[in-house]
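Secondary and tertiary structure notes
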Amino acid sequence: DVKVTQSSRYLVKRTGEKVFLECVQDMDHENMFWYRQDPGLGLRLIYFSYDVKMKEKGDIPEGYSVSREKKERFSLILESASTNQTSMYLCASSRGPGTDYGEQFFGPGTRLTVL
Amino acid sequence: KNQVEQSPQSLIILEGKNCTLQCNYTVSPFSNLRWYKQDTGRGPVSLTIMTFSENTKSNGRYTATLDADTKQSSLHITASQLSDSASYICVVGETGANNLFFGTGTRLTVIP
């Protein structure tokens, strides 16, 4: 079974703090994704990565950056957290290569609250 | 504009009853359509994936249908159980581009 794990289930940070969210997958997937999910808006893509050290902006990259130094690990960084970044963050992975993602496997999510 | 719309937004049914959730999309060119189940506070889990040539796919008590001509899909749940209470999300992929379009989901509550 594919397993996608996220470093924290719940996280509370203060405005201006630097926040790291980590995601690890154990199925050697090429593609990894970071989404945020807000009520009434569905999932929105922040960043994705096709391969190590490769990253592409999604629909809402502002205020976020990512890092993929190893194939199995994809990190989301909030350089200076703001209250409007309070959200559920979901990591996903899928087999590549190619532009058709195939089945995505999601992690359990991190509920981030920025005070 | 590529969009995915789901209806109803929420639904309450009695345990043991059947229900059908709807998904309409305008994504073009179409690659595939996925249904996910998301329990409260958890990540989505894939139920079915259908390509253009498939018009029905089952996963246990879940059956998805696809009409690529009318750009509609439905998810039918048979003999509902309390554990079916969740949000169901429709996702449509665009061919040749790195885009997936997510619906906002239908919140299903099954009551005893």
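Here the structure is a predicted model, which is why all the values come from computation and not from measurement.

Bringing the packing of aromatic side chains into the picture now. As enumerated under the stated definition, the model contains 9 aromatic pairs over all chains in all. Seen from their ring centres, Tyr35(A) and Phe106(A) are 5.8 Å apart, and the 40° between their planes marks the pair as tilted. Taken together, the residues span a long stretch of sequence, with Tyr35(A) in strand S4 (residues 31-38) and Phe106(A) in strand S10 (residues 105-106) at a distance of 71 residues. Here Phe106(A) and Tyr36(B) contribute two aromatic rings whose centre-to-centre distance is 5.5 Å and whose plane-to-plane angle is 90°, an arrangement assigned as edge-to-face. Of this pair, Phe106(A) sits in strand S10 while Tyr36(B) sits in strand S4 (residues 30-38), placing the two residues on different chains. Using a relative accessible area of 1% as the deciding quantity, one classes Tyr36(B) as buried. One aromatic cluster is present, built from ring pairs that chain together Phe33(A), Tyr35(A), Phe48(A), Tyr50(A), Phe106(A), Tyr36(B) and Phe102(B).

Contacts between chain B and chain A engage 20 residues on the former and 20 residues on the latter. Buried area between chain B and chain A, summed over both chains or domains, comes out near 1,500 Å², and the portion from carbon and sulfur atoms is 50%. Taken together, chain B and chain A are joined by 0 salt bridges. The interface formed by chain B and chain A holds 5 residue pairs in polar contact (both at pLDDT 80 or more) in total. Breaking the side of chain B that touches chain A down by element, the ones donating at least two residues are S4, strand S5 (45-51) and strand S10 (100-102) of chain B. The biggest single contributor to the side of chain B that touches chain A is S4(B), with 5 residues. Here the residues of the side of chain B that touches chain A sort into 7 nonpolar, 11 polar and 2 charged.

So, about the pairing of strand S3 (residues 19-25) of chain B. Residues and elements named next belong to chain B. What you see with S3 is a clean split: Cys-19, Leu-21, Cys-23 and Tyr-25 sit on the buried side and Thr-20, Gln-22 and Asn-24 on the side with no burial. Two strands pair when backbone bridges link them, and S3 and strand S8 (residues 72-77) are joined in this way by 6 bridges, in the antiparallel orientation. Note that in S8 the partner of Cys-23 across the bridge is Ser-73.

Conventions we followed
- Residues numbered from 1 in each chain as written.
- Chains lettered and ligands numbered in written order.
- Predicted model: local features only at pLDDT ≥ 70, side-chain atom pairs only at ≥ 80, totals over all residues.
- Heavy atoms only, no water.
- Phe/Tyr/Trp six-rings, centres within 6.5 Å; stacked < 30°, edge-to-face > 60°.
- Helix = DSSP H or I, 4+ residues; strand = E, 2+ residues; numbered from the N terminus.
- Buried < 20%, exposed > 50% of the residue type's maximum accessible area, 1.4 Å probe, protein only.
- Contact = heavy atoms within 4.5 Å.
- Buried area = accessible area lost by both parts, 1.4 Å probe.
- Salt bridge = Lys/Arg side-chain N within 4 Å of Asp/Glu carboxyl O.
- Polar contact = N/O pair within 3.5 Å; in protein donor to acceptor, adjacent residues only side chain to side chain.
- Nonpolar A, V, L, I, M, F, W, Y, C, P; charged D, E, K, R; others polar.
- Pairing = 2+ DSSP bridges.

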